[in-house]
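Summary of structural features
Here is how the chains run, residue by residue.
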Amino acid sequence: MKTNILARVKGLVRRWWSWLLDLDVLQWALPLFLAVTAITFELIEHVPQNELDDPYFMGEIIIFGLMGPLIIRGLIVWMQQLLAAQKRAAAEVQALNRDLESKVIERTAALEQRNAELDRLNRELRDLDEMKSDFVALVSHELRAPLTALNGGLELALQSSENLPPRSRAILEIMEEESKRLTDFVQTILDVSRLEAGKFAITLGPVAVRPLVEQAAAIVLASSQRKVEWDITPNLPPIWGDETYLEQTVRNFISNADKYSPADKPIQLCACMDGDRIRISVKDYGPGISSEMSERIFSRFSRLQSAESSPPGWGLGLYLGRKLIEAQNGGIGFVSPVWEHNGIKSGSEFYILMPVAQTPEDDLE
Amino acid sequence: MTDLLIIDDDKGLTQLLSDYFSGQGYNVRAVENGKLGLRAMYERQPEIILLDVTMPEKDGWETLKRIREVSNVPVIMLTARGDEADILHGFSLGADDYVNKPFSFAQLAARMHAVLGRSAQGSAADNKLSSDGLEVDIRLKRVWRDGQPLTLTPTEFKLLVTLMRHAGDVISPRDLVKEVWGAQYASEIGHVRRYVWHLRQKIEPDPENPRYIHNDRGFGYRFGSGETK
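Presented here is an overview of the structure given in this document. Just so it is clear, the model here is predicted, and its values are computed rather than measured. (Residues numbered from 1 in each chain as written. Chains lettered and ligands numbered in written order. Predicted model: local features only at pLDDT ≥ 70, side-chain atom pairs only at ≥ 80, totals over all residues. Heavy atoms only, no water.)

Residues and elements named next belong to chain B. Along helix 2 (residues 34-44), the residues classified as buried are Gly 34, Gly 37, Leu 38, Ala 40 and Met 41. All buried residues of helix 2 project into a common sector of 165° when viewed along the axis, lining one side. Structural note: helix 2 exposes Lys 35 and Glu 43 on the side pointing more than 90 degrees away from its buried face. Where helix 2 is buried, its residues touch strand 1 (2-7), strand 2 (26-31), strand 3 (48-52) and helix 3 (60-70). By the N-cap criterion, in which a side-chain oxygen at the helix start approaches the backbone nitrogen of a residue two or three places on, helix 2 is capped by Asn 33, the distance to Lys 35 being 3.1 Å. Two residues or fewer past helix 2, Gln 45 is found with a positive phi of approximately 45°. (Buried < 20%, exposed > 50% of the residue type's maximum accessible area, 1.4 Å probe, protein only. Helix = DSSP H or I, 4+ residues; strand = E, 2+ residues; numbered from the N terminus. Arc of directions from axis to C-beta. Contact = heavy atoms within 4.5 Å. Polar contact = N/O pair within 3.5 Å; in protein donor to acceptor, adjacent residues only side chain to side chain.)

The next subject is the packing of aromatic side chains. Tallying each qualifying case throughout the model produces eleven aromatic pairs over all chains. With a centroid separation of 5.3 Å and 70° between ring planes, the pair formed by Tyr20(B) and Phe105(B) is classed as edge-to-face. Taken together, the positions of Tyr20(B) in helix 1 (residues 11-23) and Phe105(B) in helix 5 (residues 105-121) put the pair 85 residues apart, joining distant regions of the chain. Phe105(B) matches Tyr20(B) in its accessibility class, with the two residues each being buried. Geometrically, the ring pair formed by Phe103(B) and Phe105(B) is tilted, given 6.3 Å between the ring centres and 35° between the ring planes. Accessibility classification places Phe103(B) together with Phe105(B) in one group, the buried group. In textbook terms, an aromatic cluster arises when at least three aromatic residues are bridged by ring pairs, as seen for Tyr20(B), Phe21(B), Tyr26(B), Phe103(B) and Phe105(B). The ring of Tyr351(A) carries the charged tip of Arg279(A) above its face, separated from the ring centre by 4.1 Å. (Phe/Tyr/Trp six-rings, centres within 6.5 Å; stacked < 30°, edge-to-face > 60°. Lys NZ or Arg CZ within 6 Å of the ring centre and 35° of its normal.)

Glancing now at the interface of chain B and chain A. In this assembly, 40 residues from chain B lie in contact with 37 residues from chain A. For the pair chain B and chain A, the summed buried surface comes to about 3500 Å²; carbon and sulfur atoms form 56% of the total. Seen at the junction of chain B and chain A, the total is zero salt bridges. Contributions of two or more residues to the side of chain B that touches chain A are made by helix 1, helix 5, helix 6 (154-165) and helix 8 (190-203) of chain B. Tallying contributions element by element places helix 8 of chain B first for the side of chain B that touches chain A, with eight residues. Split into classes, the residues belonging to the side of chain B that touches chain A amount to 16 nonpolar, eleven polar and 13 charged. (Buried area = accessible area lost by both parts, 1.4 Å probe. Salt bridge = Lys/Arg side-chain N within 4 Å of Asp/Glu carboxyl O. Nonpolar A, V, L, I, M, F, W, Y, C, P; charged D, E, K, R; others polar.)

On to the nonpolar core. If you look at the biggest cluster of nonpolar residues, it comprises 60 residues, and the most contacted ones within it are Ile280(A) and Leu160(B). Among the elements that take part in this core, helix 6 of chain B stands out by supplying six residues, more than any other. Among residues more than four places away in sequence, those in contact with Leu160(B) are Leu134(B), Val136(B), Val143(B), Leu152(B), Leu199(B), Ile203(B) and Phe223(B). Membership of the second largest hydrophobic core comes to 22 residues, among which are Leu156(A), Leu17(B), Phe21(B) and Phe103(B). (Core = buried A, V, L, I, M, F, W, Y, C linked by side-chain atoms within 4.5 Å.)

Residue and element names in this part refer to chain B. Contact geometry of helix 6 with helix 7 (residues 173-180) gives a least axis separation of 10 Å together with a crossing angle of 125°. One finds that helix 6 runs oblique with respect to helix 7. Considering the relative orientation of helix 6 and helix 7, their crossing is right-handed. Taking contact as the criterion, the partners of Thr 155, Lys 158, Leu 159, Thr 162 and Leu 163 in helix 6 are, on helix 7, Leu 176, Glu 179 and Val 180. Class assignment of the residues belonging to the contact of helix 6 with helix 7 gives a composition of four nonpolar, two polar and two charged. (Axes fitted to C-alpha atoms, helices over the stretch in contact; angles between N-to-C directions. Parallel < 35°, antiparallel > 145°, perpendicular 65-115°, else oblique. Left-handed = near helix turned anticlockwise from the far one by under 90°.)

Keep in mind these values describe shape, not function.
Next comes the structure, spelled out in C-alpha cells:
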C-alpha cells in the first residue's frame, strides 16, 4: 500500500517535472519564479531596514525582479524559435527524403522496365540473327548440291573441249569460271555464317612465316603471270596463330592485290618484326582506297571498288579476314595510298599484326 | 573394270557422275535411294560406293550402317553438309572418305583412286599410329593421349606423324624441316626447335621430362621411350 502510494507520488512528480520542462510552460514559469524569488529576496533584505523609498531598492527590484526574468523569457523564446526552425528543417529534410525515395523507386521501376524491354529486344535480335544464319546456311547447303552438278557437267563437257566449236568452248569456259566464282561465294557465305554463329574452332600453334606467305602466294597466283617482289626478313620467329585461317586471310589479301593491280605491275609481299609482333603485308599498285571507303572496308559487303567495270567480288573476304584475325588476338589494317608518282597517289597495303610464338629458353639442340 | 555404285537422289548429278566415271573406265550403276542402294549392293557386290548423305526414306547414315553390317566395301560419303561433327560422324560409322559438295569430278576421282589403293593393300592399320598412350589417326587427323583428344595445328600434326613414323631413330632438324615444310626451307632449322617445344607443351604430360619426343643433343630428335641422351 505504502509502495503503491510512493509509486503514484513518483509518477505525479515525473509528470509535473516533464510538464515544467515543456518550453511552453517554462517560458512563463521560470521568469515568474525568478521575479517572485528576486522581489521576495529584495523585500526580505530591505523591508526590515525600512528602505522601501531607497532608490537602490527600486533599482534592484527593476534589475533583478523585472529585467532578469524578462531576459530569461527572451532567451527561452529565442531557444524556442531555434528549436522550431530545427524542427521545420528536419521536417523538410524528411519530406525531401521521402520525395527522393519515391523518385528513386519510380526511376528504378522505369529502368527495370526499360531493361526488360532491352532484354526482350536483344532476345528478338538474337533470334532473328540465328534465323538469318540458319537461313543462310540452309540456302548455301541447298545451293551446293546443284552447284556440284553444274561444275561437274561443265568439267565433263570441257574434258573433250578440242572437239567443240570454238564459240561453244568459249561459252562453256565462261560458264565454268562463273560457276567457280559462285561456288567460292557460297563457301564464303557459309564460312561467315559459321563464324557469326561461333562455330569456327580456332586452333592456335606456331606458324612459320615464310612457308605461310609463299604457300598462300603459290595457291592464289598459280595461274597468274603476276610478278611478285619479296621482302621477308630472314629467320623470323614463328607467329602464334591458326595456320589455316592465317593463310586464308593472306590469300585473300594477295587475291585482292592481284585483282585490283594493273597487269604489268608487281605486288609486294612483306614480312618483318613490328615492335613485339610480326607484320605480314601485301602491297599493290591498284587505285588505292577512297576515304569514304576506308571506314567500312572491313565490314560486310564492302567492295574495294563499286563501279560496274571493277573486278568481280562479294565484299566478304576482308570482313571474314578481320573476324578470323581478331579471333586469334591479331590486328588487321591497311595503308593507302602507298605510292606517289608525278603527283598521282595510288596503291594500298593490307597487313596483319600477329603475336610471336613463345620462345623456348632452355631447349638446347 | 571397277564396279562403282552411286547412291544419290540427285538424278542430274548421278547422270553426270555416271558419264564421267564410265569415261574413266568404271562400270557404273546409279540408284536414287538407300533401299535400292542396299539391293544393288547385294546383287552387284560393287568395289566402291559413292553414297549421298541427304536422301529421302533411308538416309546416307542409315544406309552406311546397314552396308557396314554386311560388307567392308570402300564407301565415300558425298554431302552438302561440311560441318566437322558430320565428317566425324561419317568416319565413326565406317566411311572411308568424305567429300563436300560442291566438288570437282577430278578431285573425287583422285579420292576414289586413293581409297581403292588403300583398300587393295588392306592397310587400315597404316592409318593409325600409337605409342605409350599416344594415339594418332592419320585419316581423321586426330590425336589422343590416354583417351583424351588433343588439338594440334596441321603442321604440328605433320611433325608428330613424321617423328612417330621414324620412332626410335634420331632425325636431324634439317631432315625434319625437309619432310614437314619442304626442302626449300631446309636452312630455316630454327623453326623445328620452336615447333617441337610447342608440340611438347601439347602432347607431353610433363614437357620438362618428355615421355615422347627426346633431344639427342647435337644430332636431332627421337620419338619413343628411353632416356634423353
